[in-house]
2 protein chains.
Amino acid sequence: MKRNLLFLVVLLLTFSGSLCFAQTDQKTVKEDFKPASTNQPGKEYPQVNSEGRVRAQISAPEAHKVQLDISAVKYDLVKDENGVWTGDSDRQDEGFHYYQLWVDGAAVPDPRSKYFYGASRWGSGIEIPAKDQEFYALKNVPHGQIVEKLYYSKTNYSIRRCFVYTPPDYETNTLKRYPVLYLQHGGGEDETGWTNQGKTGLIMDNLIADGKAKPFIIVMDNGAWRWPENVPRPKPGERPAPGSWPPKGWADGFTKTLLQDIIPMIDTNFRTLADQQHRAMSGLSMGGMQTKIITLSTPDVFSYVGLFSGGSITVEDVENSPEFKDKVKLLFVSYGSRELDENGETRFGGNPKADIEALKNIGIDSHYYVSPLTAHEWQSWRRSLHEFAQLIFNE
Amino acid sequence: MKRNLLFLVVLLLTFSGSLCFAQTDQKTVKEDFKPASTNQPGKEYPQVNSEGRVRAQISAPEAHKVQLDISAVKYDLVKDENGVWTGDSDRQDEGFHYYQLWVDGAAVPDPRSKYFYGASRWGSGIEIPAKDQEFYALKNVPHGQIVEKLYYSKTNYSIRRCFVYTPPDYETNTLKRYPVLYLQHGGGEDETGWTNQGKTGLIMDNLIADGKAKPFIIVMDNGAWRWPENVPRPKPGERPAPGSWPPKGWADGFTKTLLQDIIPMIDTNFRTLADQQHRAMSGLSMGGMQTKIITLSTPDVFSYVGLFSGGSITVEDVENSPEFKDKVKLLFVSYGSRELDENGETRFGGNPKADIEALKNIGIDSHYYVSPLTAHEWQSWRRSLHEFAQLIFNE
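Residues numbered from 1 in each chain as written. Chains lettered and ligands numbered in written order. Predicted model: local features only at pLDDT ≥ 70, side-chain atom pairs only at ≥ 80, totals over all residues. Heavy atoms only, no water.

Another aspect to go through is the domain arrangement of chain A. All names here are of chain A. Its domain assignment divides chain A into domain 1 (23-129) and domain 2 (134-227 + 246-389). Taken together, the contacts link 14 residues of domain 1 with 17 residues of domain 2. Overall, the association of domain 1 and domain 2 removes approximately 1,100 Å² of surface from exposure, summing both partners, and the carbon and sulfur fraction of that is 42%. For the domain 1 face of the interface with domain 2, the top three residues by lost area are Asp93, Phe96 and Tyr117, together amounting to 41%. Our count for the contact surface shared by domain 1 and domain 2 stands at three salt bridges. Counting the contacts that link domain 1 with domain 2 gives 10 residue pairs in polar contact (both at pLDDT 80 or more). The set of elements that each furnish at least two residues to the side of domain 1 that touches domain 2 consists of strand 9 (95-103), strand 11 (115-118) and strand 12 (121-128). Here the side of domain 1 that touches domain 2 gets four residues from one element, more than from any other, and that element is strand 9. Counted by class, the side of domain 1 that touches domain 2 contains six nonpolar, five polar and three charged residues. (Domains from an automatic or database assignment. Contact = heavy atoms within 4.5 Å. Buried area = accessible area lost by both parts, 1.4 Å probe. Salt bridge = Lys/Arg side-chain N within 4 Å of Asp/Glu carboxyl O. Polar contact = N/O pair within 3.5 Å; in protein donor to acceptor, adjacent residues only side chain to side chain. Helix = DSSP H or I, 4+ residues; strand = E, 2+ residues; numbered from the N terminus. Nonpolar A, V, L, I, M, F, W, Y, C, P; charged D, E, K, R; others polar.)

Inspection of the entire model under this criterion finds zero disulfides over all chains. Take A:Cys162: it sits in no disulfide, and the sulfur closest to it among the cysteines is that of B:Cys162, at 20 Å. Take B:Cys162: its relative accessible area is 0%, and that puts it in the buried class. (Disulfide = S-S within 2.5 Å. Buried < 20%, exposed > 50% of the residue type's maximum accessible area, 1.4 Å probe, protein only.)

A few words now on the interface of chain B and chain A. Each partner contributes to the interface: chain B provides 45 residues, whereas chain A provides 45 residues. Summed over the shared surface of chain B and chain A, the number is zero salt bridges. At the junction of chain B with chain A, the criterion picks out 11 residue pairs in polar contact (both at pLDDT 80 or more). The pairing of strand 13 (residues 145-153) of chain A with strand 13 (residues 145-153) of chain B spans five bridges and is antiparallel. Bridging from a neighbouring strand, A:Gln145 pairs with B:Lys149 of strand 13 of chain B. (Pairing = 2+ DSSP bridges.)

Further remarks concern the pairing of strand 18 (residues 304-308) of chain B. All names here are of chain B. Among the five residues that make up strand 18, five are buried, leaving the element largely enclosed by the rest of the structure. Across five bridges, strand 18 lies against strand 19 (residues 330-336) in parallel orientation. Counted as the bridge partner of Tyr304 is Leu330 from strand 19.

What follows covers the packing of helix 2 (residues 200-209) of chain A against helix 8 (residues 378-391) of chain A. All names here are of chain A. Axis separation between helix 2 and helix 8 bottoms out at 10 Å; the angle between their running directions is 35 degrees. Regarding helix 2 and helix 8, the two cross each other, and that crossing is right-handed. Packed against helix 2, whose contacting residues are Thr200, Ile203, Met204 and Leu207, the element helix 8 presents Arg382, Leu385, His386, Ala389 and Gln390 at the interface. (Axes fitted to C-alpha atoms, helices over the stretch in contact; angles between N-to-C directions. Left-handed = near helix turned anticlockwise from the far one by under 90°.)

See the structure below:
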């Protein structure tokens, strides 16, 4: 388990460390740039071309150095006679990426992009059109609702917020009750991630319209945790010593909040099927690690389990949680292909595909999915949700 | 009517024209600054002191000039030995203000504030604590839900979005039906304004918890309009000639969408009391002007009418719309005190208080409210909603 949990610290450190500088080879750039779909209304920049390059632009007449900072690389922009700086990135993977601009040493959001919460800040994001983007496109199909819900938490004496997706027929079919998926974000993200950059609502609307997924409710809450005060933190830039990270009990707080506050609140306020057989949990990265810990320790609460770039479950894990095998109906594990080496192992060791095969052999309905040509990024997780949603609540 | 509609063009031009430069008199500044409530989680800057001054800070080691730009004034920041720039604004009015930073000629959002849509862009906003902030504070009372709803519009062949507030008992009291208020944003804003910077949900939750307002549904849609192609635009910086602005028919598109798409969609998907007696419309600035045009022309649709910094209704207006007097139960007009001169007239002429007195004299239940010491800003409109919400649906 520990090997998988190391992903979290890597994610947390990724954004702060933009290590290299680069200059794109302009000779090879295809001049078919179009405004990004993530731009603010009416804004012409940033743009993306058919190769997946990003062209950024900002007016900064008195500046001496302006850079585009995306996927941990900084690209120099060039100033024209009007003081407008423009420049291109190398090719980006399909899907959604956080980015920022540097203006004379100030790291700032691009004033023309929309903003998303990730890497522990609200900042710019950009969409690189993907070959499979139809599955999360805005279409004229029946749409569900995204509900922002405030509630009082007895476990941490605060008012918390979650977002809840209800399927298209929820408001009109008022006697029907629905299964529920609890869907968690990653480290440095919050409860807004799955609805904004994750496109949860559109993914589900399209799947339901196509008859590929059962209508169900999705709850997206905040799984952020604080470093325990009695545990020393790893120094910046250092990898924590094996076994020292994450600190023991790091998921206890959210486990308690989920079981004692969130699930009862949802079952009171929404027309749920409020039993183990109609309840699923999944999450990305840190949210996948939380899903693993919580579902292994409470197999009487969840029937379906999904880990997206958030570790794996082994036969040994299942043997240490005997009820898991009897009660959990389906297990799903996924990664982006760029998170795996040539042997299918994750960067921290472990082979999730082999884990899944072994679980199948002991009789657990287990599924493994690899998102083609994507890394530890949202396109991997959109695709993972799209796959997982078709597998659950089919009984 | 035309005199009132001029507010819109002023609002549209306000943000682009930051005309003056200023340096705060540091000697008088009270050193009791605290992080703004509108900051991103965990961010120490910007800060606000008890005088309402804003202290901005940004790291920009290679920059030569950095400024804070708020309420149409630019304030120079000063660089320290670490390349961190800091500086204060003059006193700001209570409530919410849009702002931005300038780094060597680049106008950028403050990377540490949350972002809001206004002045035709997603950008920084800051909250100056107000003496009456309790009415929109987050409290441990029953909370309603904010629902994001996508729907297909037959009147403009597109998928549109609105936000819907449902009161705290809506999900549990599932046989009850509710009145509906249609609540519109101003020019350069969108359907997110009333829930984000407007604090609609918290204002209503607190009023309902105190028994001061009836529970009702609030629909916040997008009232943006395009300049008609056959009408010349006023030149930048020029005031349009009297009578030439706004172009005739500017509200026709939204009127059609509201009556033919939005209201039927809401009545289908929410448990509304779907008749004139249980329907209200109000809006701020441009949204108030739309409210005036729409409710005067369709008095069989709305019973309660609210104009917040968005013009006034005269006896002449009512005489030209004979059914209005018989059918509309209540009219509410409000302004920020700084929008009025010493005679109570708006900057473009007209005396809304006198208009309201005259309407009372012909038997219309009319109300006039002035928000103390606020301008054409969100604090005026939060207070206006807070007043208006207590007056409607009481029969």
